[in-house]
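Read off the chains here:
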Amino acid sequence: MRPRCVLVTGVSRPLGAQVASVFAADPEIENVIGVDTIPPHGDLGCTQFVRADIRNPLIAKVIGAAAVDTVLHLNVIATPLGAGGRSAMKEINVIGTMQLLAACQKAPSVTKVIVKSTTTIYGSSPRDPALFTEEMEPRALPHGGYSKDAFEVEGYVRGFSRRRPDVTVSVLRFTNIVGPGIDSPLTRYLELPVVPTVLGFDPRLQLLHSEDALGVLTRAAIEDHPGTFNVAGDGVLLLSQAVRRAGRAPLPVPSPAVVTLGNLVRRSRLLDFSAEQLGFLAHGRAVDTTRLKQVFGYVPRFTTLETFDDFVRDRPMRFAIDRETVIRVERGLLGVLARRRLVGTS
């Protein structure tokens, strides 16, 4: 059955706003409710915006009062700075998901739950397979950050599915989403005039166009597709190729200094890159999308290469880094390298 009342979390972010707008324009959907803690910037059409925190049990009243039948949970976020710190990010991701699922469990009107997850759950290491399938586990359980949050979120979703077997549950593991209006750590990283890379490594990148992300979420809501699906564009792109195609200059950094560089850049508020994301820039990651095409029935319109080229055309260089910031980062790196040389000779 097509949904009649849809609730979208994370509606103040670009993808959530696009999803809500598409459903609001569908004449067969009677009501669309967008939930977030801050008002959206753009026009959501006929979407009814509710300023609410999914960490609060009051979200159950929103679902019950509107007789929501379809829930799209898009509010699992990857950036600690954007969330107000790592603790707040974990609360939003994990506690927020627990409260939302508890509300869905109590609501007899809910028949479908769609959760936006991430391929970050597989991790990044030199021992990874060429392609991760949905049945594969990460080589090591995540110790923290976004990947650990996603791992816990999926665990709670599986528990919800067991308690409410009458509800269709879809878990969509998106790779890095790139496209118009998308602002993420990866897009900001690739927009830097000088792009730091890990010396001796050239990781594979797999991207998903925002239009394909929207298409998959829309189909998951309109049709029944229970299960877990990797969602990514076909093919991969090496980081060195991406830097060249973007017209940027690479800056190879020795591996021991990468974490320090990440901390310096994060403190400078140029990028919000976590340790796991720095690991991704060394080893990369790619996933198998056979289930997406054969079981879910969706073939992405854009390949990874086409997605990246569209990103380059749409996003001119935004960053103008002031001289003081460059000097501060350079001094920090030189200091780290000098200390390491002293330790090595002592």
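Quick caveat, the model's predicted, so the values are computed rather than measured.

(A) A look at the overall build of the chain. Across its full length, the chain holds 13 helices and 13 strands. Sequence-distant contacts, at least 24 apart, represent 81% of the contacts inside the chain between residues at least 6 apart.

(B) The nonpolar core, seen in detail. Counting 31 residues, the largest nonpolar core has V19, F23, L72, L172, F174, L217 and F296 as its most contacted members. Residue assignment for this core shows that the elements contributing at least two residues are β1 (5–9), α1 (14–24), β6 (168–174), α7 (210–222), β11 (227–231) and α11 (290–296). L7, V35, V71 and L100 belong to the second largest nonpolar core, which has 26 residues in total.

(C) Molecular detail of the packing of aromatic side chains. Applying the stated criterion across every chain, the model contains 3 aromatic pairs. Aromatic pair Y122 and F132: ring centres 4.7 Å apart, planes at 10°, arrangement stacked. Note that Y122 is positioned in the loop between β5 (112–118) and α5 (145–163) and F132 in the loop between β5 and α5, a separation of 10 residues in sequence. Among the residues examined, F132 registers a relative accessible area of 2% and is labelled buried.

(D) Highlighting the sheet that holds strand β3 (residues 48–51). The sheet built from 7 strands is open, its strands ordered β3-β2-β1-β4-β5-β6-β11 with parallel pairing. The open sheet terminates on both sides in strands that have one partner only, identified here as β3 and β11. When the angles between neighbouring strand axes are averaged without regard to direction, this sheet yields 20°. The strands touched by α5 are β5 and β6; relative to β5, the strand with the most contacts, the crossing angle is about 160°.

(E) Structural context of helix α2 (residues 59–66). Every buried residue of α2 is accounted for by I59, V62 and I63. Here the buried residues of α2 occupy an arc of 90° about the axis, which is enough to place them on one side. Structural note: α2 exposes K61 and A65 on the side pointing more than 90 degrees away from its buried face. Following α2 by one or two positions, A67 has its phi on the positive side, about 55°.

(F) Expanded view of the pattern of salt bridges. Scanning the model with the defined rule gives 16 salt bridges in all. Between E211 and R301 there is a salt bridge, and its shortest N-O distance comes to 2.8 Å. Pair noted here: E211 is in helix α7 and R301 is in the loop between α11 and α12 (304–314), with a separation of 90 residues, a long-range link. A relative accessible area of 39% places E211 in the partly exposed class. Classification of R301 by relative accessible area gives exposed; the value is 58%. With a closest N to O distance of 2.8 Å, D309 and R245 form a salt bridge. One end of the pair, D309, is in helix α12; the other, R245, is in helix α8 (residues 239–245), and 64 residues separate them in sequence. What emerges from the salt-bridge pattern is a single network uniting R2, D26 and E28.

(G) Representation of the side chain of T47 within the structure. The topology assignment puts T47 in the loop between β2 (31–36) and β3. Non-local contacts of T47, meaning those with residues more than four positions away in its chain, are made with A20, S21, A24, V32, I33 and G34.

(H) Representation of α12 within the structure. Burial in α12 covers these residues: T304, T307, F308, D309, D310 and F311. Residues of α12 that are buried in the fold lie against β7 (176–178), α6 (185–190), β9 (204–205), β10 (207–209), β12 (237–238) and α8.

The rules we used
Residues numbered from 1 in each chain as written. Predicted model: local features only at pLDDT ≥ 70, side-chain atom pairs only at ≥ 80, totals over all residues. Heavy atoms only, no water. Helix = DSSP H or I, 4+ residues; strand = E, 2+ residues; numbered from the N terminus. Contact = heavy atoms within 4.5 Å. Core = buried A, V, L, I, M, F, W, Y, C linked by side-chain atoms within 4.5 Å. Buried < 20%, exposed > 50% of the residue type's maximum accessible area, 1.4 Å probe, protein only. Phe/Tyr/Trp six-rings, centres within 6.5 Å; stacked < 30°, edge-to-face > 60°. Pairing = 2+ DSSP bridges. Axes fitted to C-alpha atoms, helices over the stretch in contact; angles between N-to-C directions. Arc of directions from axis to C-beta. Salt bridge = Lys/Arg side-chain N within 4 Å of Asp/Glu carboxyl O.

What is shown is where atoms sit, not what they do.
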